[in-house]
Every structure is written in structure tokens, then in C-alpha cells.
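Geometric and topological summary
Letter by letter, the chains look like this.
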Amino acid sequence: MGIDSSKKTAVVAGAGPAGLTCALYLSRAGFETTVYTDEERSLSQLAMTERIENYPGFPHGVDAVSLLDLMNEQAACYGTGYDPAGVDSIDADLHAAKLSTGKEVRADAFVIAVGAEPAVFSFPGSDRIGIHTCAVCDGSLYAGLDTAVIGGGDTAFGDALYLAGICRRVTMLIRRDVARVSNDIALNAAMGKENIDIRWKTQISSIEVADDRRIMLHLDNGDSPLTVDGVFSCIGVKPRSIAVTGEKNGVVWECGDCRPNAARQVSCAVGDGARTALEIISLFQMK
Ligand code: NDP
């Protein structure tokens, strides 16, 4: 595909709040914009969340997947195209991106908005069990059973509360004696739940799979081993990236949670997507 000289073209990699907002603004400004996302590899963090309660405009909270669907629909209303392929690499000098399908696409502007993914947890024996990183995706596998949640951040408390509605018992294993939460709402809710047991200053030292296929977690603080059916790891996120060669300036932009030190809030990702689009639009208006 060559660059259409009559219309500016944009490739947005990533279909989370940052990418979709950037695509919405670019499409409305007349850019022929396509959002690329390989859902197997780069599921938006929003799709792994149950409810969002701090996104403005929804005083009673909003279902995260519905919010993402609305963002998709709004971008599509203004002409944003969608291709379920990942962007593997970008050659800024050639204005070309290689897709996971092997195809190459060309554009005037490329936006990397591929978000972040859960950090991987490992400890002796962890390779012998499947450790989950998304309660909304996998929690229903453990209906009526016992689970452990590792971590003491906003994700861990959100996931523990979600699992508490499905599981018989949820044990949170937090390595320090303080939580790393942005506010106390979920922390207080978890402390008030009868089927959530919060273990402070507790880490897993090793793991064993019992004969009955249940999972035995050995703990580093001398407590007796904890036996559960499923383990969820919520120990933070690491930004995703796309390899870029050539001179990025004026060709390739990054926005949202794939940027270092991003605030990792939906409203911040939306703002970052809009800011990036405005920067691109004003640059091309001047050309
Ligand atoms: P965080 O980095 O905020 O928290 C990670 C947690 O895992 C901490 O308790 C950390 O402990 C613990 N941890 C890290 N490594 C290990 C390890 N090897 N073993 C045991 N525990 C470990 O990650 P989150 O995913 O919770 O949040 C990421 C970002 O997303 C944050 O900015 C958060 O505010 C935001 N977020 C916001 C939400 C909201 O607004 N509702 C919902 C979800 C996420 P320690 O503190 O000791 O390092």
C-alpha cells in the first residue's frame, strides 16, 4: 500500500484507551486511521478489569469491557478502521510497519499504544502450575474453590474482591506490612470481607502439587503451608514495546501505559492518547 497523497494516513498499534482515543482524534481530523491489535498478545488491561469506578462521567462506575466497547464504537463512528493483526516492527525511515501476518503497511504517522502486561512471577516449583494474572478472565475456573492472590497493589485488591464473589476463600499474600494502593477503598472492602484472608509479610518460598492436584504453597514466614486450587499473581506490570528502526522524530509516537512511568489510570491513558493525536495533527497542519 503506498501513501495516499490526498489524505494523511495513521497506524495506531494498540486498542486500549490510549490508542482508541488517539485514533478517534486522528480520524475526526481527517487522517485515514487504522488500529492494529493482536488480541492474543496484547489484550488491553481494561479488558482484564471488572469495573472502573474512577473514570469521570460514570458516578456509579462502569463495566470495563463495556467502556472499551464504547471507545471502539466511537472511533469506528468517525471512520477508524480495525485490523486484528499485531505490529511487529516499524521502520521510521521507510514509513513502514511489519505486521504479525507478514504484511507491510505504510503510513505518515505511527502511534505505539500497546500498553503494559502483567509482570511474571516465578519461584521454585512455579513452572509446574499455571499461574493466572487476570481474575476477570480466569476466576470462574475456581467457583466455590480456594485461591491465593500474590501482591498488595490496586490490582491485587481488585482481583481479590472479584474472586471473593466467586471463590470459597481468597488468601492474599503480601510481602510487606503495607499495601501499595492509590486509595483505601478496595483495601477496606477486602478487610471487611469474611472470605478474604490477608496475610501481611508473607511470601511463597516454594510450591508443590499435591496428589489431589491441589496446590500447596510453602511460605517464608514459618506459617503452615497453604493449600489452594488456583494462584493469581498481581505483582505489577511491565510496559510492552515495538521495535523501531530509523529516525522516529515526527514519524513515530508513543502514548499510554507503554511509556515509562505512566500513571496507569484509564483517564490518564485517554488524555495521553488525545495529547498525542493533537501533536500529530498540528505537525501535519504545518507541513
Ligand atoms: P503495583 O506495582 O502497584 O503493585 C505490585 C504489588 O505486588 C505490590 O504490593 C508489590 O510489593 C508486590 N510485588 C511485586 N513484586 C513482588 C514479588 N516478587 N513477590 C511478591 N510481591 C511482589 O502493581 P499493580 O498491578 O497493582 O498496579 C499497577 C498500576 O496500575 C498502579 O499504578 C496502580 O495504581 C494502577 N491500577 C489502578 C487501579 C485503579 O485505579 N482502580 C486498578 C489497578 C491498577 P511492594 O509494595 O513490596 O513492592
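Owing to the predicted nature of the structure, the values given are computational and were not obtained by experimental measurement.

**Quick word on the pattern of salt bridges**
Inspection of the entire model under this criterion finds 10 salt bridges. In this structure, Glu 117 and Arg 240 form a salt bridge, with 3.0 Å as the shortest nitrogen-oxygen distance. One end of the pair, Glu 117, is in strand 10 (residues 116-118); the other, Arg 240, is in the loop between strand 18 (237-239) and strand 19 (243-245), with 123 residues separating them in the sequence. Glu 117 gets classed as partly exposed once you look at its relative accessible area, which sits at 24%. Taking relative accessible area as the criterion, Arg 240 reaches 11% and is therefore assigned buried. One network of salt bridges, in which partners are shared, links Asp 146, Arg 168, Arg 214 and Asp 229.

**Looking at the sheet that holds strand 13 (residues 196-199)**
The pairing of strands in a sheet comes from backbone hydrogen bonds and takes either a parallel or an antiparallel form. Taking strand neighbours across the sheet as the criterion, the four strands line up as 13-12-11-17 in an open arrangement whose pairing is parallel. The sheet is open, and its two edges are formed by strand 13 and strand 17 (230-233), each paired on a single side. With direction set aside, neighbouring strand axes in the sheet form an average angle of 20 degrees. Note that strand 12 (residues 169-173) and strand 13 share four bridges and pair parallel. Its bridge partner lying in strand 13, Met 172 is registered against Ile 198. Its contacts with the sheet put helix 4 (residues 154-164) on strand 11 (146-150), strand 12, strand 13 and strand 17, and the angle it makes with strand 12 is roughly 165 degrees.

**Structural notes on the packing of helix 1 (residues 17-28) against helix 2 (residues 64-77)**
Contact geometry of helix 1 with helix 2 gives a least axis separation of 9 Å together with a crossing angle of 20 degrees. Judged on the interaxial angle alone, helix 2 and helix 1 are roughly parallel. Here helix 1 and helix 2 pass one another in a crossing that is left-handed. Contacts between helix 1 and helix 2 involve Pro 17, Leu 20 and Leu 24 from the former and Leu 68, Met 71, Asn 72, Gln 74 and Ala 75 from the latter. For the contact of helix 1 with helix 2, a count of residues per class yields six nonpolar, two polar and no charged.

What counts and what doesn't
Residues numbered from 1 in each chain as written. Predicted model: local features only at pLDDT ≥ 70, side-chain atom pairs only at ≥ 80, totals over all residues. Heavy atoms only, no water. Salt bridge = Lys/Arg side-chain N within 4 Å of Asp/Glu carboxyl O. Helix = DSSP H or I, 4+ residues; strand = E, 2+ residues; numbered from the N terminus. Buried < 20%, exposed > 50% of the residue type's maximum accessible area, 1.4 Å probe, protein only. Pairing = 2+ DSSP bridges. Axes fitted to C-alpha atoms, helices over the stretch in contact; angles between N-to-C directions. Contact = heavy atoms within 4.5 Å. Parallel < 35°, antiparallel > 145°, perpendicular 65-115°, else oblique. Left-handed = near helix turned anticlockwise from the far one by under 90°. Nonpolar A, V, L, I, M, F, W, Y, C, P; charged D, E, K, R; others polar.

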